[in-house]
Amino acid sequence: MRSPLTPEMATQEVQLNETLAHLKTESETLKTKLEEERAKLHDVELHQVAEKVEGLGQFVMKTRRTLKGHGNKVLCMDWCKDKRRIVSSSQDGKVIVWDAFTTNKEHAVTMPCTWVMACAYAPSGCAVACGGLDNKCSVYPLSLDKNENLAAKKKSVAMHTNYLSACSFTNSDMQILTSSGDGTCALWDVESGQLLQSFHGHAADVLCLDLAPSETGNTFVSGGCDKKANVWDMRSGQCIQSFETHESDINSVRYYPSGDAFASGSDDATCRLYDLRADREVAIYSKESIIFGVSSVDFSLSGRLLFGGYNDYTINVWDVLKGTRVSILFGHENRVSTLRVSPDGTAFCTGSWDHTLRIWA
Amino acid sequence: MMSGRTCSSGHVVQAQKLVDQLRVEAGMERIKISLTAADLVRFCQDHRRSDPLLTGISASSNPFKDKKTCRLL
C-alpha cells in the first residue's frame, strides 16, 4: 500500500517536476541550436565541389577466389595485416583462418555457441578474436602447429549482457573494442580481461564499430538499432558527436581513409557519408531500384570508391565524390553479410549467407 | 509501491545527462562544407594513383589475379 505523502515529500516532488520541465526546455533549445549551427555550414553539396573531378570509367571486378568450408551463413570476416590471411566466422559456430591466395584453411575453431557474429584479426597476425551469442569476446592465439587444439588456449576477454555484434583490436594486440546488443561499447585489456572504459549513449543494440585511422587520434564510431551513429573519445568515454539521419538500423560504419569522415550502411537501403568537421551528413548513396538493406561498407584506399554489400545478394560500388553508382557486382547466392577491403587495397572480400566468402579484384 | 518521488528523480538524472551531452555537442567548432568537402576531394586525388581497385592493376602485380583461365562452374 502506498505510504501517505508528507508535506516535505510533496514539496520535493513539485521541485523535481519543475527541474524536469526546465531541463526538457533546455534540451529542446539545445537541439534546435544544434540543427541551426549544422544548417549554417551547409553552403554546398559534396558532389558540387567534386564537379570538376574526372568521372570514373568502367570497372571490371570479378570473383577471383571462392572460399568454401563454412557449414552455414558467414557473418563476419577480417583481413590479417599480411594482406593474404583472412579470419571468418559463421552461424554454425566455426571460426576459420584462410590463406586467401591459395584458399587453404589454416586453422579452425569451434565456438561453444552458434551465431559467431564478430571476428577480428590481431595486428600481429598471431591471434584472432571472436564472439556472438555467448555475449563474450574471446581471443585465440594462433599456433604454428596445425595439430594444436586452439580452443585450449582460449582467453575470455569481454563480457556483455547481450550478444557481441562487433569487435576490433586497437593498434596493438593488447586492447579490444567491442559493441553489443546490450546497447554499449567497451574497451578491454586483453591480458587481464579488465574493462578499461565503457561507452553509454545508444538507446538500443549497437551493431557495428570502426576505429579511426591511428593518425587521427583516439576515437571510434559506432552504429546502432537506434538509427544513430556516435563518435566516441576512447579515453574519456564521452560521446563527442552524434548523427541521426538514417531511417533504420545502421549495420555498418567505416572511416574514410583520412579520418575526417565516415560512411554508414543501413537497413533503409542507403549508404551515407558524414563529414566530422562539418558535423553533418554530406552525401547519400541510394537508388530507387535499391530497396534492400546494406549490411556492410568499406572504402577503397584513396576513399574514392565505397563498396556496399546488400541483402539482395549484390555489391554496389559508389563514386564517393559524385554520389553515383559505378558498378554492381553479382555472384553471391544469398545476402552479403560482411565486406572488407584488403590492407593493401588490391582486393576486397565478402562473406555471405550462402556459406561462402569471395575475393574480388 | 514506491512513491512518485523516486521515479521523478530518475527522470531528472536522465534529463540532466541529455542536457550535458547536448551542451558538449553544441559547443563543437564546425567548419563549412565547402571547405571540408574540398579536403575530401583533395585526399582522393592525392591518393588515386596508389589505389589498386581504382586504377585497376595488371594480373602480374595483383596476387589475386592469376593468369590461369577461370573455371566455369
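Everything here concerns the structure above.
The structure contained in this document is the topic of the report that follows. (Residues numbered from 1 in each chain as written. Chains lettered and ligands numbered in written order. Predicted model: local features only at pLDDT ≥ 70, side-chain atom pairs only at ≥ 80, totals over all residues. Heavy atoms only, no water.)

All right, on to the overall build of chain A then. Per the secondary structure count, chain A includes two helices and 28 strands. Relative to a compact globule of 361 residues, whose C-alpha radius of gyration would be 21 Å, chain A shows 22 Å and is just as compact. Projected onto the principal axes, the alpha-carbon positions of chain A cover approximately 75 × 55 × 35 Å. The 361 residues of chain A split such that 57% are buried. Residue pairs in contact within chain A that sit at least 24 positions apart in sequence constitute 45% of those at least 6 positions apart. Of the roughly 15,000 Å² of accessible surface on chain A, a fraction of 49% belongs to carbon and sulfur atoms. Averaged over its 37 positive side-chain charges, chain A has a centre that lies 7 Å from the centre of its 45 negative ones. (Helix = DSSP H or I, 4+ residues; strand = E, 2+ residues; numbered from the N terminus. Rg over C-alpha atoms; globule rule 2.2 N^0.38 Å. Buried < 20%, exposed > 50% of the residue type's maximum accessible area, 1.4 Å probe, protein only. Contact = heavy atoms within 4.5 Å. Areas by Shrake-Rupley, 256 points an atom, 1.4 Å probe, with all protein chains shown as cover. Lys, Arg positive; Asp, Glu negative; His and termini not counted. Charge placed at Lys NZ, Arg CZ, Asp CG, Glu CD.)

This brings us to the nonpolar core. The biggest cluster of nonpolar side chains holds 29 residues, and the ones touching the most others in it are Leu46(A), Tyr256(A), Cys271(A), Leu273(A), Tyr285(A) and Leu306(A). Looking at this core, the elements with two or more residues in it are strand E19 (261-266), strand E20 (271-275), strand E21 (280-285), strand E22 (294-299) and strand E23 (305-310) of chain A together with helix H2 (33-47) of chain B. Looking at which element gives the most residues to this core, the answer is H2(B), with six residues. Sequence-distant contacts of Leu273(A), that is, excluding residues within four places in its chain, are made with Leu46(A), Ala261(A), Phe262(A), Ala263(A), Arg280(A), Glu281(A), Val282(A), Ala283(A), Tyr285(A), Phe299(A), Val320(A) and Leu40(B). (Core = buried A, V, L, I, M, F, W, Y, C linked by side-chain atoms within 4.5 Å.)

Adjacent strands of a sheet form backbone hydrogen bonds with each other and so pair up, either parallel or antiparallel. Residues and elements named next belong to chain A. Taken in spatial order, the four strands make up an open sheet running E2-E3-E4-E5, and their pairing is antiparallel. The open sheet has two edge strands with one neighbour each: strand E2 (74-79) and strand E5 (104-110). For this sheet, the mean angle separating the axes of adjacent strands, direction not counted, is 20 degrees. Across five bridges, E2 lies against strand E3 (residues 85-90) in antiparallel orientation. Along E3, the bridge assignment pairs Trp-79 with Ile-86. (Pairing = 2+ DSSP bridges. Axes fitted to C-alpha atoms, helices over the stretch in contact; angles between N-to-C directions.)

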